[in-house]
Amino acid sequence: MAQYANIYDICDAPILTEQPYAEPGRNLKRLYRKAAGNWLLKYLILKGCRHPGIPMQAVPAYQAVIRAAMRAGYDEWRDADWIDRTFMPIAELLDRIDKPHFRRREKIPLIQTNPKPDALDTVIERCMQDILQTWNSHNKNPYFPVAAQVVLSGDDQMNGENFLNILRGVGAFEYQNAVLLFALIRCFIHCNPVKLKIVRKPYQGIAEKLFQRSHWFIHRTAFYDANFFELLLTRVATNRLPPDELRQIVQILENLLHFCVVTCQEWLVTPNNGLRHPATTCFPEDERAECLPRLDKKNQAIKKDLGFGDYAPDTDTTFFTLSIAKKWLDIVEEKHLAADVKLLRECRNFLAHPWMEIITEYQIGSGYTSNPPTIRMTRPLDYQGAIPIWFDKRFPKSDGRIVREASGNEICPGHNMDILESMLVNRKQWLSLEGDNLKTVRRLLDFHYRTVVSGNFRHESAFQYYLPEIYIYYIGRFYEAYLTLSEAEKNNLAPEGQIEEIRQVALDYCKSELIGFTLNAFDAALTVAALVLLRHEPRDDGLIATGLKAISDALGEGIKGHLFQPYEWTRLRHPCRIIVGSEIATSLFVMGAFVNAKQYLYGNG
């Protein structure tokens, strides 16, 4: 008989042999059978993971924890004290994990010479070939596929405190069950270094590579499309393109924009003043309740079992969409593009709402308190002035329950920078820099100022969805918008020079933490784009050149006809570590970086 327990010794009896009292228990049983009961996962990994801190005589105490979850009803899962009492043993197991280091970075010399324009053009053209080939390969319903990969070892910051905080902060029992189960799996996998290497491998650079292709969830969301739109727009905005390429890019841009503005639009009402407004959701459904983000039936069912069945629109994707809608209207007028008139009208309608009043109802410190963050694991941040990720949406159930904050509500600096950038892009229509609206903008700017100058942004624990390098890139996007302000507007927004301080810290981070150490192609693309958008000087000191060389050296690393590997672009930290990226996403970010670099180094062409 084994000396120490594995997850099946603890969970099989209370989950598989006992009858649950209510739907939360039935959901836990389904989830356990699908996840821990997966044949490959069970016999290749989990069955051999025995916890040295759980001798067999201690198994009954942990079974009691799982039995309590199986017997729990809706009321128990809403009781914070019950959660803390019941799941403290699991929290204590999480606190015993010694976090291994998977990231590998070494110091590298700077390259002093910038590549010639022709060399930059070659990379841009190869990226565009990859982009167009991928888009055209889905000829009936074209899109840019993105993969989500579950990393079973869990989030590196998932300790006992965060575990309990998440359980208390989410509204869907399905999500709570998933957090519980994946926390247990994390505890057992980390006890077996050999099994851990199967689910997570060391990698070069900062962003983790997605390598488990057989476990990818391929899908499409408005958030991805909004980013892709902006990256492709740089190709149109800064280059004189051949008519055929311009036509193809415009068609793609309009498809992406239509998906964000029209397909993914739903209507909400603000929680305090009852303002009716559209918003952009990442998981829209058609009139037959069919999932539109390209998830198959199996993955739709998994999404629901994990607690993502009730999905609210988010403030980040909505304000990113508002930004690209305005940019499209502007560039169509500037370049006299032959554009879809109906889509232009949809963009104008989407923008024509009191967005500053709407978002102020969600801002911490604005006087409204209806929608605070329910999960506070993004530390060490001062949340004053920030805006939580989810809009207010209530989900009525057949038994009369109302579910709110299905997957919790959180603060992440990255999505707050997208919101701030959109406020500047749309400042004239929304009157963002006037009256009470200016107070909202300044509160949000002050949140970013404190996050940056304190150095808190350097902690990965401060972010829910991004890595610090992506936040730096988003600061660059914001600074690009800031440069379009008049001197009077700049002084009105930041009279004490806060934005220049933010810029300087971001540039210093590029120099001290990014360039000069190992970067993969995705890391380097973000860094080059940030240096250009933040107007780094001198341009020939080797920083931009070194980033461009890291990308050029990686050309051809991809498989199946792609130029690059897929890397962690965005992520979820719970219910488990889920990293998101794709080969084509890397190509799009590289293309955008090279287009921006060429324009910055040599001018338009």
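Keep in mind that what you see is a predicted model, and the values were worked out from it rather than measured.

Cut-offs applied
Residues numbered from 1 in each chain as written. Predicted model: local features only at pLDDT ≥ 70, side-chain atom pairs only at ≥ 80, totals over all residues. Heavy atoms only, no water. Helix = DSSP H or I, 4+ residues; strand = E, 2+ residues; numbered from the N terminus. Rg over C-alpha atoms; globule rule 2.2 N^0.38 Å. Buried < 20%, exposed > 50% of the residue type's maximum accessible area, 1.4 Å probe, protein only. Contact = heavy atoms within 4.5 Å. Lys, Arg positive; Asp, Glu negative; His and termini not counted. Charge placed at Lys NZ, Arg CZ, Asp CG, Glu CD. Phe/Tyr/Trp six-rings, centres within 6.5 Å; stacked < 30°, edge-to-face > 60°. Lys NZ or Arg CZ within 6 Å of the ring centre and 35° of its normal. Salt bridge = Lys/Arg side-chain N within 4 Å of Asp/Glu carboxyl O. Expected span 1.5 Å × (residues − 1). Patch = residues over 30% accessible without salt bridge, like charges linked within 9 Å, V, L, I, M, F, W, Y side chains within 5 Å. Areas by Shrake-Rupley, 256 points an atom, 1.4 Å probe, with all protein chains shown as cover. Polar contact = N/O pair within 3.5 Å; in protein donor to acceptor, adjacent residues only side chain to side chain. Pairing = 2+ DSSP bridges. Axes fitted to C-alpha atoms, helices over the stretch in contact; angles between N-to-C directions. Parallel < 35°, antiparallel > 145°, perpendicular 65-115°, else oblique. Left-handed = near helix turned anticlockwise from the far one by under 90°. Nonpolar A, V, L, I, M, F, W, Y, C, P; charged D, E, K, R; others polar. Core = buried A, V, L, I, M, F, W, Y, C linked by side-chain atoms within 4.5 Å.

Novice: Break down the overall build of the protein for me, with residues and values.
Specialist: Helices and strands together make up the secondary structure of the protein, namely 25 helices and ten strands. Over its C-alpha trace the protein gives a radius of gyration of 24 Å, about what one expects of a compact globule, namely 25 Å for 605 residues. The buried share among the 605 residues of the protein stands at 61%. Of the contacts made within the protein by residues no fewer than 6 positions apart, 79% connect residues no fewer than 24 positions apart. A distance of 5 Å separates the average location of the 72 positive side-chain charges in the protein from that of its 72 negative side-chain charges.

Novice: I'd like a description of the packing of aromatic side chains, backed by residues and values.
Specialist: The full count for this structure, using the stated rule, is 29 aromatic pairs. Relative to F144, the ring of W135 has its centre 4.8 Å away and its plane inclined at 55°; by these criteria the two rings are tilted. Of the residues examined, F144 reaches a relative accessible area of 0% and is grouped as buried. The cationic tip of K107 hangs over the ring face of F517; the distance from NZ or CZ to the ring centre is 5.0 Å. A cation over an aromatic ring shows up here: R276 above the ring of W267, its NZ or CZ 4.3 Å from the ring centre.

Novice: I'd love a proper account of the pattern of salt bridges, names of residues and values included.
Specialist: In this structure the tally under the stated criterion is 38 salt bridges. The partner of E230 in a salt bridge is K327, with the nearest N and O atoms 2.5 Å apart. Here E230, found in helix α11 (residues 222–237), pairs with K327, found in helix α14 (residues 315–335); they are 97 residues apart in sequence, far enough to count as distant. Overall, E230 belongs to the buried group, its relative accessible area being 11%. With a closest N to O distance of 3.2 Å, E421 and R477 form a salt bridge.

Novice: Give me the environment of V403: which residues, what numbers.
Specialist: With respect to the secondary-structure elements, V403 resides in strand β8 (residues 402–403). Since its relative accessible area comes to 5%, V403 is described here as buried. Apart from residues no more than four positions distant in its own chain, V403 is found in contact with G171, A172, K393, R394, F395 and K397.

Novice: How would you sum up helix α12 (residues 243–263)? Please name residues and give values.
Specialist: With 21 residues, α12 extends 28 Å between its outermost C-alpha atoms, agreeing within 8% with the 30 Å of an ideal straight helix rising 1.5 Å per residue. At its buried positions, α12 is contacted by α7 (117–136), α11, β5 (265–269), β6 (276–280), α14 and α15 (341–351).

Novice: Requested: an account of a negative patch on the surface, with residues and values cited.
Specialist: A cluster of acidic residues, D75, E76, D79 and D81, forms a negative patch on the protein surface. Checked against the element boundaries, D81 lands in helix α6 (residues 80–95). Using a relative accessible area of 52% as the deciding quantity, one classes D81 as exposed.

Novice: Describe unusual backbone geometry, listing the residues and the values that go with them.
Specialist: Going from E537 to P538, the amide bond is cis rather than trans, its omega being -5°. A cis amide bond links H574 to the next residue, P575, at an omega of 10°. Among the secondary structure elements, P575 is positioned in the loop between β9 (570–572) and β10 (577–581). Phi angles above zero are rare outside glycine, and E405 is one such case at about 50°. Assignment of secondary structure puts E405 in the loop between β8 and α17 (413–425).

Novice: Tell me about the side chain of T546, residues and numbers included.
Specialist: Residue placement: T546 occurs in helix α24 (residues 543–554). Only 2.5 Å separates the side chain of T546 from the backbone oxygen of G542, close enough to count as a polar contact.

Novice: I'd like a description of a nonpolar patch on the surface, backed by residues and values.
Specialist: Taken together, the side chains of W39, L40, Y43 and L44 present a nonpolar region at the surface, about 460 Å² in accessible area. Checked against the element boundaries, W39 lands in helix α3 (residues 39–44).

Novice: Lay out the sheet that holds strand β4 (residues 217–219) with the relevant residues and their values.
Specialist: Strand order in the open sheet made by the four strands is β4-β2-β10-β9, with antiparallel pairing throughout. Edge positions in the sheet fall to β4 and β9, since each has one partner strand and no second. Each neighbouring strand pair of the sheet contributes to a mean axis angle of 25°, computed without reference to strand direction. Judged from the three bridges that link them, β9 and β10 form a sheet pairing that is antiparallel. Counted as the bridge partner of T570 is V580 from β10.

Novice: Can you tell me about the packing of helix α4 (residues 59–71) against α6, naming the residues and giving the values?
Specialist: Relative orientation and spacing of two packed helices are given, respectively, by the angle between their axes and the distance between those axes. It is at 10 Å that the axes of α4 and α6 come closest, and there the two elements cross at 135°. Taken together, the axis directions place α4 and α6 in an arrangement best described as oblique. Between α4 and α6 lies a crossing of left-handed hand. Of the residues in α6, those touching α4 at Y62, V65, A68 and A69 are W82, T86, F87, P89, I90 and L93. Grouping the constituent residues of the contact of α4 with α6 by class yields nine nonpolar, one polar and no charged.

Novice: Run through the nonpolar core, naming residues and quoting values.
Specialist: Formed by 215 residues in total, the largest nonpolar core has its most connected members in F87, F163 and W328. Ranked by residue count, the leading element in this core is helix α9 (residues 173–189), at 13 residues. When near neighbours in sequence (up to four residues on either side) are disregarded, F163 contacts F87, I90, A91, L94, M158, V179, L180 and A183. A147, V151, L210 and W216 belong to the second largest nonpolar core, which has five residues in total.

Novice: So, the environment of Q265: which residues are in play, and what are the values?
Specialist: For Q265, the position within the fold is in strand β5. Spatially, the C-alpha atoms of Q265 and P278 are 6.2 Å apart, while their sequence positions differ by 13 residues.

Novice: Talk me through the packing of α17 against helix α20 (residues 468–482); I want residue IDs and the actual numbers.
Specialist: Interhelical geometry of α17 versus α20 gives an angle of 10° and a closest axis separation of 9 Å. One way to sum up the angle between α17 and α20 is to call them roughly parallel. Touching P413, G414, M417, D418, L420, E421, L424 and V425 of α17 are Y471, Y474, I475, R477, F478, A481 and Y482, all from α20. For the contact of α17 with α20, a count of residues per class yields eleven nonpolar, one polar and three charged.

Novice: Quick rundown of α7? Include the residues and the values.
Specialist: In this model α7 runs 28 Å from its N-terminal to its C-terminal C-alpha over 20 residues, within 8% of the 28 Å that 1.5 Å per residue would give. Residues of α7 that are buried include every one of L120, D121, V123, I124, C127, M128, D130, I131, L132, T134 and W135, and no others. Close packing links the buried residues of α7 with α11, α12, α24 and α25 (583–602).

Novice: Tell me about the side chain of D314, residues and numbers included.
Specialist: Residue position: D314 is located in the loop between α13 (297–308) and α14. Comment: no salt bridge for buried D314; closest opposite-charge side chain is K393, at 11 Å. From its side chain, D314 meets the backbone nitrogen of D316 in a polar contact 3.1 Å long. Polar contacts involving the side chain of D314 include one to the main-chain amide nitrogen of T317, which spans 2.5 Å. Setting aside residues up to four positions removed in sequence, D314 forms contacts with T280, C282, I389, W390 and F391.

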